[in-house]
Amino acid sequence: MTQEANERSLVAWFNKHGSIIPRRGPEAVAFLSCLFPERRPDRVFGLSKRRLEYIIQEAQCLGVSRLKELQRWRTSNGPDLATCAERLMAVTDCEHKGILRVSLKELDDILDRVAALSPFSSVDMRQGVDQNRGGSSGACDVLLIAFRRLQSCEAKWLIRMLLKNLSPVCVPEELAMTRFHPLLYHLLRFQNSIHMAVKRLEETNIPHILPVAAEYSHGDLSKVFKPQVGVMIGRPDYEKARSIKHCCLLAGSRRMSIERKYDGEYCQVHIDLNSPQSCLKIFSKSGRDSTHDRVRLHRAIQDSLLLGTADCRIKKQCILEGELLVWNDDCGRIEPFHKIRKHVRRSGHLLGTGQDSPIKPNEHLMIIFYDLLLLDDRVCALEASNERRQQLQSLVRQIPGHAAIGYRKVIAFSSIDAAKHVTEVFAKAITQRWEGLVLKGCDDSYISYNWTTSAIKLKKDYIPGLGDSADFVIVGGNYSAEDMQEIGIGKLWWTSFHIGCVDNKDEVRRFNVKPRFRIIDIIDRHGIPKDCMVHLNRHGYFTETAFAVSSPYFDVVLDPSRNLRPKTLFMQPFVVELVGAGFDKPSNAGYYTLRFPRLLKIHGDRSFKETTGFDELQDMARQCLEMPSNLEREEKMWIKRLQGYR
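Residues numbered from 1 in each chain as written. Predicted model: local features only at pLDDT ≥ 70, side-chain atom pairs only at ≥ 80, totals over all residues. Heavy atoms only, no water.

The name given to the protein chain in an unreviewed UniProt entry is DNA ligase (ATP), with Metarhizium guizhouense as the source organism. Per UniProt, the protein chain has the following entry under Sequence similarities (unreviewed entry): "Belongs to the ATP-dependent DNA ligase family." (UniProt positions renumbered as here; feature names shortened; annotations may be inferred.)

Structure representation (structure tokens):
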């Protein structure tokens, strides 16, 4: 379905059901939580498709033949689990179940109870369910009862909500929110919480009828809605610059603050000096409360803001933005991104550290501050970037290796030399192994409704021909019904593909021995153009074979600590060129792979013997991450190379 058709269907649905859609209280929160499950980072269900399949099997008392019908989602070209469950349960929809239908509030309660059982859900969510219900049953018990009461169509949507993926339905977020209330989408920019947004809309008493609410201009909104400490502020959108010339077009004639993009984890730091408990709260990029997970960063934040001292400039409250990084005292530098997972727990658990070395005594967390959004009663997010930067500099005490303010350089894009200056800064960023640059208008506010004032991201891999690339083999594939529906190009046998390197390249080339492919990563619909997806499916169909570690054609090496086993192999592996945003060590891996790989080209005229060997890939990654021996020479080389993109 096209975007236009999606929007027409959504408008028609709201027009038809508008009178019964709850717009106040817990029912409104429940409605929005179902419509936008991804906007509830406090809810983590942690249920796999196989676990849900088992629960449905138990709830419906399935025999062998009906179970096979439910399990069709596992087969290539099969429907998704939610559709299989709907078709299976539709047979009994006409039966009188002797109990009342599940209400919206009950459904929301079921989702809360299931989420409360996951250690990765927010502390408030888990404690709230325990207090309200005096403890909770297991997820299986809760859902067994639900799936016995729900009609088939309702069960289908519950499954999709539990998986936090409504595919194949794509809900146009801004349009849907505007139909619920014309100011909801804008309010979430100030307070990125469904609970708080519904509460604020009730307090302002602005009608949800479009002509009335539309009278409020964006200037009026800033008077009605304000950021609240303890509730995350919505992050702005960014434009991606595809070349130096494109960057200049996006910037227009603005004066821009060119800032370093740090390769760490986003932090939105909230300080509330009137809080009876801890005055510090940290939100992650997803909106999740990560205060306890990032406990090793607390001291650096407290010391840099002079909290608890007479010199502290914060009188009541404050909201700042920054990046969590790992600093190495001996080398005097920021460590690669993968080092962070050793220092930061996720709900008390260390994840993905199975192959990592122990924390070194010379390593510790640090924070780079780069924006100020609220200071006491002053809403800095509505002020110009230059003003915010000046306030930030007067607020933060920089502590080498522990807390600092990010690098910036101001360039006037009205100048005839703007492209030259951007090229020089970008060449420096690439040479210094920065992740990239972020450009903010010096006179632009943080919260803006004008796309012409959007901030800009400039990264090497955004520009065709500049990203880190190499040739690999695709040795196998897997299928996901949800991904097939998202891709929207018809029936597919595979929707994700397994990337491999030749593990014994020298022996293959010298002695023509059987190749051994080490599977190192998976590339899915996000990194494969649709024409390449079609090519891989059409040609792979004729060479597929069941997975085996050893076959007459080649052997496969799998890392036992990573889930990289394909369902099928290709007897004639594809040779492909991939590009990525540098290199990184994935979770539970002791080796480097391309970061965020994307498929550029399928080479039908090349042999797997010409692809990058595993050892070659590791050497390439180390060279990419290490500082060059001659900084000045490499910087000049990049300036010359970037001139072709001006």
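Q: For this particular structure, what's the right way to read the pairing of strand β5 (residues 317–328)?
A: Successive side chains on a regular strand alternate, one facing one side of the sheet and the next facing the other. Most of β5 is tucked away: 12 of the 12 residues are buried. Covered by surrounding structure in β5 are Q317, I319, E321, E323, L325 and W327 together with C318, L320, G322, L324, V326 and N328, the residues of both alternating faces. As paired elements, strand β3 (residues 265–272) and β5 share 8 bridges and run antiparallel to each other. Paired with Y266 across the strands is E323, a residue of β5. Bridge count between β5 and strand β7 (residues 363–375): 11 bridges; the pairing is antiparallel. From the neighbouring strand, L325 faces β7, where its bridge partner is M366. The sheet contact formed by β5 and strand β6 (residues 333–334) spans 2 bridges and is antiparallel. What sits directly across from N328, in β6, is R333. Taken together, β5 and the strand that follows it, β6, pair antiparallel across an intervening segment of 4 residues, in which G332 is found at a positive phi of about 65 degrees. (Buried < 20%, exposed > 50% of the residue type's maximum accessible area, 1.4 Å probe, protein only. Helix = DSSP H or I, 4+ residues; strand = E, 2+ residues; numbered from the N terminus. Pairing = 2+ DSSP bridges.)

Q: Would you mind showing me how to read empty space enclosed by the protein here?
A: If you roll a probe as big as a water molecule over the atoms, it shows you where there is empty space left. With the rule as written, the count across this model stands at 3 cavities of 30 Å³ or more. In this structure, the largest cavity encloses a volume near 40 Å³. Around the largest cavity, the lining residues are S33, C34, P37, R40, R43, F45, L111, M161 and K164. (1 Å grid on protein atoms, 1.4 Å probe; cavity = no way out; pocket = protein on both sides within 12 Å on 5 of 7 lines; lining within 4 Å. Points joined across faces, edges and corners; volume = space filled by probe spheres on them.)

Q: Before we go on, may I ask you to explain unusual backbone geometry in this structure?
A: If a residue is not glycine, its phi is most likely negative; likewise, a peptide bond is most likely trans. Here S167 and P168 are connected by a cis peptide whose omega angle stands at 15 degrees. Note on placement: P168 falls in the loop between α9 (152–162) and α10 (173–180). Of note in this structure, N77 is not a glycine but carries a positive phi near 70 degrees. Exposure remark for N77: the relative accessible area of 18% places this residue in the buried category. With a phi angle near 50 degrees, F596 is a residue other than glycine that sits in the positive phi range. Within the secondary structure layout, F596 lies in the loop between β19 (593–594) and β20 (598–602).

Q: For this particular structure, what's the right way to read a nonpolar patch on the surface?
A: On the surface, W493, Y541 and F542 cluster together to form a nonpolar patch covering roughly 350 Å² of accessible area. Take W493: it is sitting in the loop between α19 (481–487) and β13 (496–502). Judged by its relative accessible area of 31%, W493 is partly exposed. (Patch = residues over 30% accessible without salt bridge, like charges linked within 9 Å, V, L, I, M, F, W, Y side chains within 5 Å. Areas by Shrake-Rupley, 256 points an atom, 1.4 Å probe, with all protein chains shown as cover. Salt bridge = Lys/Arg side-chain N within 4 Å of Asp/Glu carboxyl O.)

Q: When you look at the packing of helix α8 (residues 139–149) against α9 in this model, what are you seeing that I'm missing?
A: How two helices sit against one another is set out by the angle between their axes and by the gap between those axes. Orientation of α8 relative to α9, taken along the N-to-C sense of each, is 150 degrees, at an axis distance of 10 Å. Classified by the angle between their axes, α8 and α9 sit roughly antiparallel to one another. Taking contact as the criterion, the partners of L143, A146 and F147 in α8 are, on α9, A155, L158, I159 and L162. (Axes fitted to C-alpha atoms, helices over the stretch in contact; angles between N-to-C directions. Parallel < 35°, antiparallel > 145°, perpendicular 65-115°, else oblique. Contact = heavy atoms within 4.5 Å.)

Q: In this structure, what is going on with the packing of aromatic side chains? I would like to understand it.
A: The description of two aromatic rings rests on the distance between their centres and on the angle between their planes. In the structure shown here, the tally under the stated rule is 13 aromatic pairs. Ring geometry for W13 against F14: centres 5.2 Å apart, planes inclined by 80 degrees, an arrangement best described as edge-to-face. For W13, a relative accessible area of 37% puts it in the partly exposed group. Geometrically, the ring pair formed by Y591 and F614 is edge-to-face, given 5.6 Å between the ring centres and 75 degrees between the ring planes. Taken together, the residues span a long stretch of sequence, with Y591 in the loop between β18 (583–584) and β19 and F614 in helix α22 (residues 614–625) at a distance of 23 residues. When its relative accessible area of 11% is taken as the criterion, F614 is described as buried. (Phe/Tyr/Trp six-rings, centres within 6.5 Å; stacked < 30°, edge-to-face > 60°.)

Q: Looking at this structure, how should I read the side chain of E482?
A: By the secondary structure assignment, E482 is in helix α19. Ignoring sequence-local partners within four residues, the contact set of E482 consists of K49, D80, L81, L163, N165 and S167.

Q: Is there a simple way to think about the packing of helix α3 (residues 49–60) against helix α5 (residues 81–89) in this case?
A: Where α3 contacts α5, the axes come no closer than 11 Å and their chain directions differ by 10 degrees. Looking at the two axes, α3 sits roughly parallel to α5. Seen from α3, the contacting residues are K49, L52, E53, I56 and Q60; seen from α5, they are L81, A85 and M89. Residue classes in the contact of α3 with α5 are distributed as 5 nonpolar, 1 polar and 2 charged. (Nonpolar A, V, L, I, M, F, W, Y, C, P; charged D, E, K, R; others polar.)

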